[in-house]
Every structure is written in C-alpha cells, then in structure tokens.
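Observations on the model geometry
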Amino acid sequence: MGGIGRYIVQRFMLTIPMLLILLTLVFLILRVMPGDPVSAMLGGRNISAELMDEYRRKMGVDRPITTQYIEYISGILHGDFGRSFRTNRPVVTELFMRFPATLELALFGLLFAAIFGFGTGILSATRVDQPVDHIVRIFHIGSFAIPLFWLGLMLQVIFAVKLGWLPVASRLGGRIAFTFQSITGFYLLDSLLGGNTRVIADVARHLVLPSITLGFAQAGLLGRMSRASMLEVLDQDYVTTARAKGLKEWTVVMSHALRNALIPIVTVFGLQFAILMGGAVLTETVFSWPGVASFLVRSIEARDWPAIQGSVVFIAIFISAINLIIDITYSFIDPRVRY
Amino acid sequence: MTRMLVKGLDWIIRRVTHGSHALRKQTILKIGLITVFLFLFVTVLAQYSWFTPYDPVYYRDAPRLEGPSIRHLMGTDQLHRDVFSRVISGGRASLIVAFGAVALSMSVGSILGWISGFTGGFLDRCLSLVMDAIYSFPSMILAITLVAMFGAGIGPMIWAVGFVYIPTYFRVTRAEVLQVREATYVEAIRAVGAGNARIILRHVAPNTVNAIMAISSFNLADAILTVAALSFLGFGLPPPAPDWGFDIQNGQKFLQSGSWWLITFPGLMIIALSLGFGLIGEGISDLVNPKRKRKRV
Amino acid sequence: MKRVLGILLVIGLMASAAVAATAQEPLIMGTTDRVTQLAFANSYDHYSWHVLRATTDALMKLDPVTLELKGAIAESWDISADGMEYTFYIRPGITFWDGAPCDAAAVKWSLDRTIRLDGPESGVGLIKGVIDHIDVIDPLTVKITLTMPDAIFLLRMEESLAPALIYSPKSTPENDFANGVYAGTGPYKLIEHVPDQWVKYEAYDGYYGEAPKSKFVIEKLYSDAAALRAAIEAGDVDFVFRTLSPQDITDLANNPDVVLKFFPPSPGVRYLLFNVTQPPVDNPLVRQAITYAVDRGAIIDQVFEGTVDPIYTMVPMVDPPFFGAIDVFPERDQAQAVELLAKAGYDADNPLSLNLWYSPKHYGTTEADVATVIAGSLEETGVVNISIQMLEWGAYTERMSAGGFDMFLLGWHPDYLESSNFLAPWTTESPEGLGTFFNEHPNYEAYKHIMEVATTTADAEKRSKLYKAIQMLSVQDVPWIPLWAMTDEMVMAWLPNVHGCALNITMDVHIERIWKD
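In this text the structure is predicted, and so the values were computed from the model without any measurement.

Comments concerning the overall build of chain C
Per the secondary structure count, chain C includes 15 helices and 21 strands. A compact globule built from 517 residues should have a C-alpha radius of gyration of about 24 Å, and chain C, at 25 Å, falls within 12% of that. Overall, the C-alpha framework of chain C stretches about 85 × 65 × 40 Å when taken along its three principal axes. Burial analysis of chain C (517 residues in total) assigns 62% to the buried set. In chain C, the proportion of contacts linking residues at least 24 apart, taken out of those at least 6 apart, comes to 69%. Total accessible area on chain C is roughly 18200 Å²; 54% of this is exposed by carbon and sulfur atoms. Positive and negative side-chain charges in chain C, numbering 36 and 70 respectively, have mean positions lying 6 Å apart.

This is the structure:
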C-alpha cells in the first residue's frame, strides 16, 4: 500500500511542473501574437485615445509582462480564465457549457475505437495469414492516412444525404429540441434520465457518425496493437497448455489470451485522449457539434484573445488530469509500472 | 516509365544499403517510395502549364459542376475549372510544408536531444519536462493555435506544424546519447581524447539514423494530414492556387447537390500520399526492428 | 442493476408525462447565425439584434408590410419647430414581462443606460451623438433633446436599431452589459439561449400589440449552410432564414417538398474598397481602371448562380425609404481599363501588382470564389497581377482600420433606412475605421460639407439631390466599387404547412407573424 501511495504522490508532484510548463508555453505563444488585443477587440471602430487606454487598463495589457504572467497564473489557480470579448461571459462559463458535448463525443469515439479496434485485432490474430487477416491489416495501416474531416464528409454524404439513415449534423433533432431539458450536459445521459424513447433514439442517432469519424484512426491503431499483443500471448506456454487440454479455440482466446493481451493496450488510452481532443476540432466542425474545440476555432476566427487562451489552458489542464488519472488507475491494475 | 522508376529505386536502395538483401525484399518500403516519388514528380511537373491538361487556376470554357468524363477525368468545379488539373497540382504546399516542418523539427529536436543528453543534470531535466509537456498536448490544437497566431503562409505553417514534432526527435536522440555515453567503447574513445562533437558524428548519429528516418516518415505522413486539416478549416494558403484541403472545403458546399467528385479525388490524393510516407516508415521500422516481423502461431 | 433500470424507467415515465402536459408543437426556425451577446449596449450583429428585437420594442417601428413609420411604445409624438426637441407620448398600460411598467421613466432609464455603457462591441454610436439629454415630463411623456437637428431621428428610434430598444429597469443590471439578463415588452419572452445550439421563446401574454401567431418558437443554430439545408430537407425545422449557399438555394427551389421564395430587393450591398492613401491604388486612374475591369456578371453567374443582382451605386434602389439612388458606375469595358492603366504607366511589361483582401467566413461560404473571380477578371486585362490575401474576420478588421489593405472586399447592411447610411460611413463618418482613409483624400472636405448639409435638411427633394451629387463624385474618386446586392440573403425556405414567412428591407424575419397548421 505504501508503494502505491508513494507512487500516486510522486505522479501527482510530476503533474504540477508539467502543467506549469504548459501554461507558460501557452502564455509565451499567445504573447508573441502580432497585433494588439485591444484593437482586435474593437474590430475596426474608432475610439478616443483615453477610451483605448481605459480598455487597455481593464484588460491588463498595459502592465509589464512579468506582472501579466503572475496575474495569469494566479487567475488560473483561482479558476479565472478571463472574459470573452465576444460574449462578455467568463471563459470558464463558456467552456463548461460546451465541455460535456466534447467529452461525450470523445468517450463515444473511444468506445467505437475500442470495440472496432479490439474486434478486428483479435479477428486477424486468430486468423493469421488468411484473407481476413490481410484485409484487416490493410485497414489498420491505412486508417491513419485517412483525413478525419474527409471521412466525416464521406460518411455524411453516404449515410445521411444519400441513404437518409442518420442525421447530417448537430446533437439533437429540431423537433425535440424545444422540450428537451439538459441537466448534465451529456445528452445521452439526459435522454436516458428523461426516459422518452423517441428522445433517446434521436440523441443516439446524432452520436453515431461523429463518434465513428473521431474514433476511426484510433480504431486502426488499437487494432494493430491488439493484434500484435494477441499474437504474442497466443504463443505463450499457458495458452499452448490450455489448447492441449482440449479447450475450444474460442474459449482459449477469450478466457486465457484476451485478458493478458489487453494489459499493455490499456496504457495507450491516456495518449489516445490527447489525439482525440485534436481530432475533435475537425469532427466538431464537420458535424456542427457545439463543443470546446469548435469554440476554440470560432474564437480564433474572431481573435477573441482571452477565449483562445482560456480554451487552450482548459484543454491543457484536462489532458494533464486525464493522464494523471489513467496512470494512477493503471498502477492498481499492473503493479509492474510502479517505480 | 514506371519500370524505369522501379529500377532506379532499386538501384538507389542497393547503393544506400550496400546491397543488403533484407532491404531489397521490402515490398512495403518499395510501394511507399514509389508512391512518394510519383507524387513529387507529378507535383513538380504540374507547376509548368504544359503538364496540366487545363489551367488549374483560371479556366472558364469547361462546363460548370460536371461529373467525370473523358474530357475532364475528375469532373469540373463551380468556377468551370478542371478538377484533375487542380488535383495533380494541389500537393505543392502540402509537400513543402511537410518536408520543411520535418526538417525543422528534426534538426531542432536532435540538437536539443544531443545537448540534453550530453550535458545532463538540471538542463536535461528541464528540457525533458518541456518536451514531455509539448508532447502531451494535442498536436492538432497546438498547430491551429500557432498558425492563427503567426498568420497563414508557407513559413508560419512550417513553424506551426514542425514545432509539434520536436519532442519525438528529442526523445530518440537523447535516449541514444545516454546509451552511447554509458558504452565502454566510448569511454575508451574519450580516453584517447575525442571530443563530444566527434562522438556525436561517429557514434551517436549512425545509431539514431534509422530510428530518425522511420520517425520522420511517420511525421511526414502526419504533416500531410495536418496541413490538409489546416487548409480545410480555413487556416491555410489563400486561393486561387490549387490545394487539396482547400478544395475539399470548397467541395463541401456542393456535396448535397451530388457533386461527389469535388471532395473525393483530393481526399484520395491526401490518403495516397500520406499512406506512401506511412509505408516508408513501416518498411524502415521492420528493417530496424526485425523482431517486429509477424510470428506464426 | 435491474432495480436501477426500473427506477430510471419510472423517472422517465414521470418526465415524459410532464413533457406531454406542456407540449404544444413549437415553431422551429433554422439559421447559421450565432448570438454574440444579448446586450443592448454591447452587440452589433444581425442575429443578436434579431433576438433582442423579437423580445422587446422601441419607441417607433416600421410596419412590416407597408414599411410606414409608426409608433410602437410611443403612441404619438411632437417635434419642436427647430427640430431639436422630440416629445414622445407613451402608450398607457405597457408592461415588461417581469411585471414592471413601461413608462417614461423606463424609457429614459434604458436609453440613458445604453448610451452610458456604450460597449466596445456595440452600435450605440448610431444614437449616442445625436441625443443630448432625456427628460421625463410626466409618467407617460418623455422629451428627447438633440445635439443638432437630425432629419432621420425618428428612424434612429425605430426597433431596427438595438440601441434604441427599451427594456426593464427592474431586471437589467445598471452597470454591466449583462449578456442575456433583461426583460422586454414582448412579443416574446426569452426562455433559453444555449450558445451554438438554440434560442427558445414563449409568447408574452401581456404584450400590448397583436399577439404572436405561434406560442412557442425555437431557433436552432447550425454551424454551416450544408447542415442548414439538410435540416429543412429532412423536415427537422419548419423554416430557414440566413444563410443558404447559392447552390442550396437553387436545389431547394427545385425541391417539391420545400417552398422557397425570394423577397427582393435587398438593401444589403457588397463592394470593393480602396485605401486611397496606399500605393498603387492611391492613383485615381488605377481605381478608375478597376471599375472598368471588374466583371460583375462573372461573379453573379459563376459564384452566385444568379441569386444576386448587380449594383452600380452604393444606395439601394428602393424608394422609399432610400432616395437619390442613381446608377453611376460603368459596365465592364476592358479596353477602357487598359487605356486608363496605360495612362497611369502600366502595361504588359510593367503590370500593375496589387493585393485583393478578403475574409473567408464572415460573408458566408462564397467569399473565396468571389475573390478568385474578381482577381481573374482583373488579370484578364493582361496588365494586372493580383495576389489574393485572406485574414479571419477579427484580424481582418484590425488590419483594415490600421490601413493595412490596398484593395479589399466588404459588405454593408443598413443600420437605419436612409440613403446617408450608404454614403457617409466610408467617406465622412469613419473613413479610418472602415479602411478607406478617405479623410486624407483631397476632396474629403467637399464630401463632408455636402453630407452635413444633407443630413440636416428636412426637405427630401433637396436631400436627394445632394446624395446624387455624392454618388456622381464617387465615380471620379472611386473610394468604393459597388458590385452586387445581397439578394441571396433575402430568401426564405419553409415547409408547405408553414404560413406568414416574409421579409422586408429591414432584412429581418418577424417570427411573431409566422405559424403552421
């Protein structure tokens, strides 16, 4: 127990400098931005010099860079990410309104990646060098080369426009939006709580194409890894023993091999999240998904400087937290990772 | 034409590998190399107007939004331009940015890795932490933010895309330096009086070259996708120059009217090129790491 | 596990029963617009103003059908002989949806507050400079004293201008822009605005005017034209307004399940601008040559598929409320363009090189094509080299006001319905903010003088002549080149069971007049 406790503390202590470095990087990158945030905010309106100075003071960009840095860090510590120019709301509020949408999408993307990736990986590992294996391997290698936005558009045109099976975009159909009450921000959860089957079906249908789009590249990667890991495990003595005992191949794979094959793969889940957040930018754009990533893109377009900074900081903190949680969870599963 | 290309490639590979048998047998690597060379070849030629069947930028005599036909192999777009001409010349920016970004990150990352590995101590720890921090951050979001800050253009895009890959090279080089530093033969060389620079050139560089080649191929594959994504989101180069990502964004407007050819062909080009780089990476990894080859049950 | 499911099911049934009790099929609008801020003193965009307008009124309004200027919150009004004092008599019995009475004190309070706060993102400047002070005469009478006579003051007090809207002192914070925190007079109450997703309204029972035709309305926000078009085709929304792409308009017009209608003419204009201090376009010959070289026909056919109309002056051809409009800019004439450029010293060996700036998303999905076609038409002369440049809207306006453009694209929707709003902004009102830097032009004083006389002249005939003079001058000085009117924005598409969809030159939809079977 002492070992685990020490590991958690250690891992946590490592997160702090890491986060500080990320925040500093964000600060540095955004401060080299050409142009003046005040005139960006005014967007072409002419105002008097005094008014300009007043806005400058209000935004705190008239002070020396070190003071700004200290205020920036202490602001984040207090949960203050600044105020958006466009909406005049705290950036934190804006982000929390949109975060559940992104998280819901990421989780379902990951779910798709896991099911599809493990499925194809095991399938091809159990049929090595058969045609199925070749097809699956081509898919695994090819999946990373497909531009996510292109895949999204293709799925849209085939399954939504041509076949009409699924909605083109957005999180919710227009017909049910008026009575829909969101409590958690996770619409599938909300609709399950609401219990109305029509609403549940509508929300689920809207999730399908974006989740596939976001999870597709990850599915290929997980598939490759699970195939390799499965092959390794199937070669081990205990599997051979199990086979020798006369157990069915299916039972061997499922009960003996799978569990051991999965352990190394679970580790990559943390890294997947960072990639998923990047993919979310494109998925949210293609599917009108009102999440954090599309908020960032809109903020960039409007040069909404506090919103850009706030969103990037928010994503940095989120990624660090996810990595921390996954590492700690993993240390419980596999004691070998502990230092 | 293709046969000559294959022969030429074979020759290059034989020269590079001093006739190593294992390498010549790498079909994956070969397919990848052929694909990439074809793309480079076509993209360079397409910058000359005699190579493209029609003017990819201003051409008005073709029909508007017509599907693929003999005259226009990949159809035409809404401004009466030939999609085939645009598609074969649309890789210029992607290739320049991809190669530029990888060259940038490779040099910066490797040099930092060497410095970090040889110096050790506080600097090493700081640099490693910074690199880990960059590495953990979603590269797509980082690239978009950087491009938004620097502004559009080839140069800024190289910086933005390249910045993201620095940590990978840093890690590989640093690990190799640490390994070499511990090796007894290096102690011996050092004892003879060789400096750090000499050790890097004669002992670290050759050992990292394979790994770095594999990584840069994968990074090139990723960079092609990132550049396309940036153009798709509208953070790429301005029109009217042909560009796959931009053309896909444009084609999106006409998708529901049934003009599938506007996005399909540029998309396939991106996939083919990115896959080409990816296969090169695969091939090199297989060579470096023969254990990775599949096992029979 | 089973027990949990059972509980969920029970909760679900209860919830769905509750939903069924209040359910009345709402009217659903689809749009690609976004709310920036629901703040009277800190927003200046079409859709935020639309929401504010749907939920509260101003002193005046335009009749949606006849466009006649009528009283809204004001029942009647007097104008003093010198045109300096406007006395408004407020309709008795008006209440805001928070229960507070809408009286003279509320009118004074909200106008004063809007002018005092004058946020950085606002259009308060449209009323701020003209109003000197506001007095409450008695509970239902308010007197506004102007800083100078203003021929169009009643138009400035009309609901098209969000800064002129009246809101409740009870619900709106005194010294904060207060995004979304307010109460209005109706016709609708704002129920919920979820950013990037929807705005929900419910009819306000206490509205003093005609009750809205639909009790519940939801406006669903889509991120692009493609999604919007898919939504109406799938029957996911009842009607769509702003902004379908030209291709989608053409396709929907051929779709038997959807009704699509244009409501021309459009008072929204698109044009090229020049920074008259920036070489090479500081040379009037160059600017004049471009007026001959630019190909409106190509833009309209290739980019817009005929969904927009060409224009040859800035003032919309809609009389009234705009008067004095006169087609002054020439048709395309390449020979003339080449000749003018030769006079300016440019030929095939020494071509004119300049930039064309545009912003990719602010004006819908077509802007890149517009830039490409314009550049193509200029280069067709054989003596011009264009390099197209783009910036996202935020950076675009920043660079524009800093004088960093030579030739660039911009668009204009009227703030108030009078001709000066289409002539003054780029020449005399904010030449630097809008990037023309016309205040450094030798003829600036002349424009300024004409404009000052025009806006203080009550006689429409005289004013019209002065506006004509400015338009005629503008062909010589070329601060702008009018290109097309945004007829593609004056289009709505709806399902066959929807009624009352209409647009007028205020360019906004009156959701309270729409209903479905």
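Some points on the domain arrangement of chain C
All names here are of chain C. Per the domain assignment, the segments making up chain C are domain 1 (46–164), domain 2 (188–265 + 489–516) and domain 3 (269–485). Placing the centre of domain 1 and that of domain 2 at their C-alpha centroids yields a distance of 27 Å. In total, domain 1 and domain 2 occlude about 1800 Å² of area from one another, counting both sides; carbon and sulfur atoms represent 58% of this. Broken down residue by residue, the surface that domain 1 buries against domain 2 is led by H46, H50 and W97, which jointly contribute 30%. Inspection of the domain 1/domain 2 interface yields 1 salt bridge. D508 is the partner of R53 in a salt bridge, and the nearest nitrogen-oxygen pair spans 2.5 Å.

Let's talk about the packing of aromatic side chains
Overall, the coordinates contain 41 aromatic pairs over all chains when judged by the stated rule. With a centroid separation of 5.8 Å and 85° between ring planes, the pair formed by Y363 of chain C and W393 of chain C is classed as edge-to-face. Separated by 30 residues along the polypeptide, Y363 of chain C in the loop between β15 (352–358) and α11 (367–379) and W393 of chain C in helix α12 (residues 393–401) bring together distant segments of the chain. Put simply, the rings of W357, Y363, W393, Y396, F405 and F408 of chain C pair up and form one aromatic cluster. The ring of Y187 of chain A carries R171 of chain A above its face, with NZ or CZ at 3.7 Å from the centroid.

So, the interface of chain B and chain A
Across the boundary between the two partners, chain B contributes 46 residues, which contact 50 residues of chain A. For the pairing of chain B and chain A, the buried interface totals around 4300 Å² over both sides, and the portion due to carbon and sulfur atoms is 79%. Counting across the interface, chain B meets chain A through 1 salt bridge. Put simply, the parts of the chain that give the side of chain B that touches chain A at least two residues each are α6 (121–136), α7 (139–150), α10 (196–232), α11 (244–252) and α12 (261–288) of chain B. The element best represented in the side of chain B that touches chain A is α12 of chain B, accounting for 11 residues. Of the residues contributing to the side of chain B that touches chain A, the split by class is 31 nonpolar, 9 polar and 6 charged.

Re the interface of chain B and chain C
Across the contact, 24 residues belong to chain B and 33 residues belong to chain C. Of the roughly 2100 Å² buried where chain B meets chain C, counting both sides, 50% is carbon and sulfur surface. The largest contributions to the chain B side of the interface with chain C come from R60, K253 and Q256 of chain B, which together make up 30% of the buried area. Counting the contacts that link chain B with chain C gives 2 salt bridges. Among the ionic pairs, D369 of chain C bridges to K253 of chain B, the shortest N-O distance being 3.5 Å. Across the chain B-chain C interface, the total number found is 9 residue pairs in polar contact (both at pLDDT 80 or more).

Points about unusual backbone geometry
In most cases, non-glycine residues show a negative phi, while peptide bonds are predominantly trans. Residue G186 of chain C is joined to P187 of chain C through a cis peptide bond whose omega torsion reads 10°. Mapped onto the elements of the fold, P187 of chain C is located in the loop between α5 (153–156) and β8 (188–194). If you check the backbone angles, S288 of chain A has positive phi at about 50° while not being a glycine. Take S288 of chain A: it is sitting in the loop between α13 (269–286) and α14 (292–301). Here S288 of chain A falls in the buried class, since its relative accessible area comes to 7%.

Parameters at a glance
Residues numbered from 1 in each chain as written. Chains lettered and ligands numbered in written order. Predicted model: local features only at pLDDT ≥ 70, side-chain atom pairs only at ≥ 80, totals over all residues. Heavy atoms only, no water. Helix = DSSP H or I, 4+ residues; strand = E, 2+ residues; numbered from the N terminus. Rg over C-alpha atoms; globule rule 2.2 N^0.38 Å. Buried < 20%, exposed > 50% of the residue type's maximum accessible area, 1.4 Å probe, protein only. Contact = heavy atoms within 4.5 Å. Areas by Shrake-Rupley, 256 points an atom, 1.4 Å probe, with all protein chains shown as cover. Lys, Arg positive; Asp, Glu negative; His and termini not counted. Charge placed at Lys NZ, Arg CZ, Asp CG, Glu CD. Domains from an automatic or database assignment. Buried area = accessible area lost by both parts, 1.4 Å probe. Salt bridge = Lys/Arg side-chain N within 4 Å of Asp/Glu carboxyl O. Phe/Tyr/Trp six-rings, centres within 6.5 Å; stacked < 30°, edge-to-face > 60°. Lys NZ or Arg CZ within 6 Å of the ring centre and 35° of its normal. Nonpolar A, V, L, I, M, F, W, Y, C, P; charged D, E, K, R; others polar. Polar contact = N/O pair within 3.5 Å; in protein donor to acceptor, adjacent residues only side chain to side chain.

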